[in-house]
Amino acid sequence: TTNTKEDRAVTACLISDKPVKKTPYQVKGAIMRNYSSHGIVPMLNGKYRDRYLYPRVQVKVINENIFIIGVGHGVDAVLQLIDNIKQLDFGNITFDILDKKVDEVKNVFEYKEKPFNYQFLTSWAALNKNSWKSFNRLESENKINYLNKLLEKNLAFISNELKLTAPNKLISMIKVNSIEPASIDNKWGAFEGMFKTNFILPSFIGLGNGITRGYGTLFNERSCQIFNKDDLGLRNLDNKKCFESELDEIDSDDFNKLNIRQNKKSHRLKRKKRKLSKNVKNDNY
């Protein structure tokens, strides 16, 4: 059923016969073409977008390796694919899958007393068009704490999507190597950095905007059984140049207020999509 708490995750890394110089979007396309009968396809092609605002299957290319991540209801679809995948044909190049590294974890997405460190493997697309305008109006010393508030909203969004009980307190702190956002895909403001939180998250899931494009991919060395920083080509932050927010703690009431905003937004999106689907005849399904 889709109304139960989702507290499982799986990460699968495909070890191929040559380095993968493809985008996550291209990899998803190859999976959908090559394995069209598999349960992972509707998780990738947008069919379940009304049901899952946070993507339950995520595809990444990290250090020239393909990673496929399943969250909650996406776990079984990923495991089915991993059991069957032998190659990926992109049309102009084919990758033979020589081996697979799989890390399945249960009882994740919990809250602990003390925070854990996470580093972004790919740029965190924190700012959308509206929040970028708000960010630019701030004094420099207020910008880093504004980013931490956006991080809290990202965390509350996942918590709400997975139907978790609100924590007694959420702890968060963001650290970025530049307070000036990089523009990615001509619509998002992105940062490199790390964060602390007491929300236990599996490595390789995404936060922020552009998750389906591979942005905002996080890593926690303590929670990952199959990779370390060296395997992933992860560089240490230059602490001398970093901008660090205050360590923020919010109680369950303030946390629920973050979720209320996310709920209103998700209901608006769902209403908009239902309205569109009534007016537009869709020949794809």
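Only a predicted model underlies this, so the values are computations on that prediction, with no experimental measurement involved. (Residues numbered from 1 in each chain as written. Predicted model: local features only at pLDDT ≥ 70, side-chain atom pairs only at ≥ 80, totals over all residues. Heavy atoms only, no water.)

**Here's the deal with the sheet that holds strand β10 (residues 188–191)**
Here comes step 1: Strands sit in the order β7-β10-β9 across an open sheet of 3 strands; the sheet is antiparallel. Lying at the two open borders of the sheet, with one neighbouring strand each, are β7 (124–127) and β9 (182–184). The average angle at which neighbouring strand axes cross in this sheet is 55°, direction not considered.
Here comes step 2: In this structure, β7 lies alongside β10, joined through 3 bridges in antiparallel fashion. (Pairing = 2+ DSSP bridges. Helix = DSSP H or I, 4+ residues; strand = E, 2+ residues; numbered from the N terminus. Axes fitted to C-alpha atoms, helices over the stretch in contact; angles between N-to-C directions.)

**Structural notes on the pattern of salt bridges**
Here comes step 1: By the definition in use, this model includes 13 salt bridges.
Here comes step 2: Between E110 and K112 there is a salt bridge, with the nearest N and O atoms lying 3.5 Å from each other.
Here comes step 3: We classify E110 as partly exposed; its relative accessible area is 32%.
Here comes step 4: Taken together, the salt bridges that share partners define one network made up of E6, R56 and E161. (Salt bridge = Lys/Arg side-chain N within 4 Å of Asp/Glu carboxyl O. Buried < 20%, exposed > 50% of the residue type's maximum accessible area, 1.4 Å probe, protein only.)

**Some points on helix α1 (residues 24–34)**
Here comes step 1: All buried positions along α1 are accounted for by P24, V27, K28, G29, A30 and I31.
Here comes step 2: In this structure, the buried side of α1 is in contact with α2 (41–44), β2 (57–62), β3 (65–71), α3 (75–84) and β4 (87–89). (Contact = heavy atoms within 4.5 Å.)

**Comments concerning the packing of aromatic side chains**
Here comes step 1: This model, assessed by the stated rule, comprises 15 aromatic pairs.
Here comes step 2: Here the aromatic rings of W124 and F191 are separated by 6.4 Å at their centres, their planes lie at 50°, and the arrangement is tilted. Taken together, the positions of W124 in strand β7 and F191 in strand β10 put the pair 67 residues apart, joining distant regions of the chain. Of the two residues examined, W124 and F191, each falls in the buried class.
Here comes step 3: Consider the rings of F135 and F191, whose centres lie 5.9 Å apart with planes at 70°: the pair is edge-to-face. Placement of the pair is F135 in helix α4 (residues 129–137) and F191 in strand β10, with a sequence separation of 56 residues. Across this residue pair, the class does not change: F135 and F191 are buried.
Here comes step 4: A network of ring pairs unites the aromatic residues Y118, F120, W124, F135, Y146, F191 and F195 as a single cluster.
Here comes step 5: The lysine or arginine in question, K18, covers the ring of F95, its NZ or CZ lying 5.2 Å from the ring centre. (Phe/Tyr/Trp six-rings, centres within 6.5 Å; stacked < 30°, edge-to-face > 60°. Lys NZ or Arg CZ within 6 Å of the ring centre and 35° of its normal.)

**Concerning the sheet that holds strand β5 (residues 94–106)**
Backbone hydrogen bonds hold the strands of a sheet together, and the pairing may be parallel or antiparallel.
Here comes step 1: Judged by pairing direction, the sheet is antiparallel, and its 5 strands sit side by side in the order β2-β3-β1-β5-β4 without closing on themselves. The sheet is open, and its two borders are formed by β2 and β4, each paired with just one other strand. Each neighbouring strand pair of the sheet contributes to a mean axis angle of 30°, computed without reference to strand direction.
Here comes step 2: Across 6 bridges, strand β1 (residues 8–16) lies against β3 in antiparallel orientation. In the strand pairing of β3, A12 is matched with I68.

**Some words on the environment of T212**
Here comes step 1: Relative to the assigned elements, T212 resides in the loop between β11 (193–199) and β12 (218–219).
Here comes step 2: Note on T212: relative accessible area 41%, which makes it partly exposed.
Here comes step 3: Ignoring any residue separated from it by four or fewer positions in sequence, one finds T212 in contact with P24, K28 and P55.

**Quick look at the nonpolar core**
Here comes step 1: If you look at the biggest cluster of nonpolar residues, it comprises 51 residues, and the most contacted ones within it are F109, W124, L147 and F204.
Here comes step 2: Of the residues forming this core, the biggest block, 8 residues, is contributed by helix α5 (residues 140–161).
Here comes step 3: Within the second largest apolar cluster, 27 residues are counted, among which are V27, Y35, F90 and I97. (Core = buried A, V, L, I, M, F, W, Y, C linked by side-chain atoms within 4.5 Å.)

**So, the pairing of β11**
Here comes step 1: Most of β11 is tucked away: 6 of the 7 residues are buried.
Here comes step 2: Two strands pair when backbone bridges link them, and strand β6 (residues 111–120) and β11 are joined in this way by 5 bridges, in the antiparallel orientation. Residue N117 lies in a different strand from β11, and its bridge partner there is K196.

**Focus on the pairing of β10**
Here comes step 1: Going residue by residue along β10, you find W188 and A190 tucked away on one face and G189 and F191 tucked away on the opposite face as well.
Here comes step 2: Pairing of β9 with β10 involves 3 bridges; the strand directions are antiparallel. Bridge assignment links A182 to a residue of β10, and that residue is A190.

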